[in-house]
Amino acid sequence: MHRQRVIVRTLGVATAVALAATACGPQKAENAGSASSAPSVSTAVTSPETSPSPDDKPGGDPSQSPSPSPSASKSASASASPSPSASPSVKPIMANGDESEQVRELQARLKQLKLMSVAPTGFYGSKTTAAVKVFQAKNKVPATGSVDAGTWQKIQNLTKKPTPAELRPPTVNEVDAPDPRCMEGRVMCISKESRTLAWMIDGKVISTMDVRFGSENTPTREGVFNVGWKAKEWTSTIYHTPMPYAMFFSGGQAVHYSADFAARGYNGASHGCVNVRDKGKLSKLFDEVKVGDKVVVYW
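If you're wondering where the values come from, they're calculated on a predicted model, not measured in any experiment. Each chain has its residues counted from 1, following the order in which its sequence is written. Only residues with pLDDT of at least 70 get local features here, since the model is predicted, and only at 80 or more are side-chain atom pairs given and counted; chain-wide, interface and lining totals rely on the full set of residues. Think of the side-chain values as coming from all heavy atoms in the structure, minus any hydrogens and water.

Caption draft 1: Quick peek at the overall build of the protein. Think of it this way: any DSSP run of H or I at least four residues long counts as a helix, any run of E at least two long counts as a strand, and we number them from the N terminus. The helix and strand inventory of the protein stands at nine helices and 10 strands. Buried means the residue's accessible area, taken with a 1.4 Å probe over protein chains only, is under 20% of the maximum for its type, while exposed means over 50%, and partly exposed covers the values in between. Taken across its 299 residues, the protein has 46% of its residues classed as buried. Sequence separation of at least 24 residues holds for 64% of the intrachain contacts in the protein that already meet a minimum separation of 6. Only heavy atoms matter for contacts: two residues are in contact if any of them lie within 4.5 Å across the pair.

Caption draft 2: Quick peek at the side chain of aspartate 293. As for its placement among the helices and strands, aspartate 293 is situated in the loop between α9 (279-288) and β10 (294-298). Here lysine 290 takes part through its backbone nitrogen, which lies 2.7 Å from a polar atom of the side chain of aspartate 293. Two N or O atoms count as a polar contact when they lie within 3.5 Å, although within protein this holds only if one can serve as hydrogen donor and the other as acceptor, and sequence-adjacent residues are included solely when both atoms are side-chain atoms.

Caption draft 3: Fine view of the pattern of salt bridges. Salt bridges are defined as contacts in which a side-chain nitrogen from Lys or Arg sits within 4 Å of a carboxyl oxygen from Asp or Glu. For the coordinates displayed, the defined rule picks out 11 salt bridges. Measuring nitrogen to oxygen at the nearest pair gives 3.0 Å for the salt bridge that ties arginine 168 to glutamate 101. Within this pair, whereas arginine 168 is found in the loop between α7 (164-167) and β2 (186-191), its partner glutamate 101 is found in helix α4 (residues 101-112), the two being separated by 67 residues in sequence. Judged by relative accessible area, which is 49%, arginine 168 ranks as partly exposed. The salt bridge partner of glutamate 166 is lysine 160, with a shortest N-O separation of 3.1 Å. On the basis of relative accessibility, which here comes to 25%, the residue glutamate 166 falls in the partly exposed class. Salt bridges linked by common partners bring Glu101, Arg104 and Arg168 together as one network.

Caption draft 4: The nonpolar core, seen in detail. Side-chain atoms within 4.5 Å are what join buried Ala, Val, Leu, Ile, Met, Phe, Trp, Tyr and Cys residues into a set we call a nonpolar core. By size, the foremost hydrophobic cluster in this structure holds 22 residues, and its most contacted members are Met188, Ile190, Met247, Val255, Leu282 and Leu285. Listed by contribution, the elements that provide at least two residues to this core are β2, β3 (196-201), β4 (204-212), β7 (246-250), β8 (253-257), β9 (274-276), α9 and β10. Ranked by residue count, the leading element in this core is α9, at three residues. If we ignore the near neighbours within four places in the chain, the residues touching isoleucine 190 are Thr196, Leu197, Val211, Phe213, Val255, Val274, Val295, Val296, Val297 and Tyr298.

Caption draft 5: Looking closely at unusual backbone geometry. Even without being a glycine, lysine 114 presents a positive backbone phi close to 65°. Considering the arrangement of structural elements, one finds lysine 114 in the loop between α4 and α5 (126-138). Positive phi, close to 55°, is recorded for arginine 195, a residue that is not glycine. Looking at the secondary structure, you find arginine 195 in the loop between β2 and β3.

Caption draft 6: The arrangement of the packing of α4 against α5 in detail. As a packed pair, α4 and α5 sit with axes 11 Å apart at the nearest point and diverge in direction by 55°. Taken together, the axis directions place α4 and α5 in an arrangement best described as oblique. Handedness of the α4/α5 crossing: left-handed. Contacts from Leu106, Gln107 and Leu110 of α4 reach α5 at Thr128, Ala131 and Val132. Think of it as three bins: nonpolar holds Ala, Val, Leu, Ile, Met, Phe, Trp, Tyr, Cys and Pro, charged holds Asp, Glu, Lys and Arg, and polar takes everything else, Gly as well. Class assignment of the residues belonging to the contact of α4 with α5 gives a composition of four nonpolar, two polar and no charged. What counts as an axis is a line fitted to C-alpha atoms, over the stretch in contact for a helix, and the angles between N-to-C directions run from 0 to 180 degrees. Small angles under 35 degrees read as roughly parallel and large ones over 145 as roughly antiparallel, with 65 to 115 read as roughly perpendicular and the rest as oblique. For any helix crossing, the convention is left-handed if the near helix is rotated counterclockwise from the far helix by under a right angle, and right-handed if that rotation is clockwise.

Caption draft 7: Here's a closer look at the pairing of β7. For β7, the tally of buried residues reaches five of five residues, placing the bulk of the element in the interior. Relative to β7, strand β6 (residues 229-233) runs antiparallel, the two being bridged by three bridges. Directly across from alanine 231, in β7, lies its bridge partner alanine 246. The pairing criterion for strands is at least two bridges between them, as found by DSSP. Where β7 meets β8, three bridges bridge the pair, whose relative direction is antiparallel. Looking across to β8, one finds that serine 250 is bridged to glutamine 253.

Caption draft 8: Representation of the packing of aromatic side chains in the model. Any pair of Phe, Tyr and Trp rings, taking the six-membered ring for Trp, is counted once the centres come within 6.5 Å. Such a pair is stacked with planes under 30 degrees apart, edge-to-face with planes over 60 apart, and tilted for the rest. By the definition in use, this model includes six aromatic pairs. When the centroid spacing of 5.2 Å and the interplanar angle of 85° are considered together, the rings of tryptophan 229 and tryptophan 234 count as edge-to-face. For tryptophan 229, a relative accessible area of 2% corresponds to the buried category. On the basis of an interplanar angle of 70° and a centroid distance of 5.6 Å, the ring pair of tyrosine 245 and phenylalanine 286 is categorised as edge-to-face. Taken together, the residues span a long stretch of sequence, with tyrosine 245 in the loop between β6 and β7 and phenylalanine 286 in helix α9 at a distance of 41 residues. Look at phenylalanine 286 and you get buried, because its relative accessible area is 5%.

That is the geometry; function is a separate question.
Structure below.
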């Protein structure tokens, strides 16, 4: 099949072929469990709700289920059943499966209460349900996991109106404090722990985005690199998968957009590349990054 390649920076044919031969593509689903970037138990608590668990939306990430504290879980479990005096006719105004701006506001308020650590998504999934149950248990109301008028009023009374930044933070994953090596010059600062890429200039964060990495068998290399060359349109010669907006920094490993990541989230993994799921953000970053700019990949 004819494949158009646009390479930003002239390279010798032999060099280009050698680099392209190591270009990475997405791992199959059965390899996802060995991903080197899979979160630890503590990381799973802060994983995005946009990578929902199976009972949220199809194709979600089972590893991203929330882990409330033992005491909170015990309290929620102890009062999970409505008390005898509770009215079974109380109709929820928000519940599991809903998607709206009101749900986004609910999530932002729950985050203010430190009952959710993920960014608001607007989708009421298992993480929101668990957080609401904990809130209800603490406030001695039936822990149904759904928000009725009474629960919503209590939440509003204990929180402030969310700001635009609280409602729509720049990434779903919370960005780590930058590695010290990212504080000078033009740098793509990539954290494996928070699974984020921060584009920084002279220590200032310009933009951020969620990323994923290679599996245990094909890990993303760590260290300090430079962007060697760029290709707006590229297809891996080994895995035959598209790698749009590729910025190569270590042999065939590159930062690039991944349709697989956008579709499956952290259920998949790359063959070593740094996958980005927000095509719009990466397109803008691709235009800003220059050949020679620094890349720092760290834990």
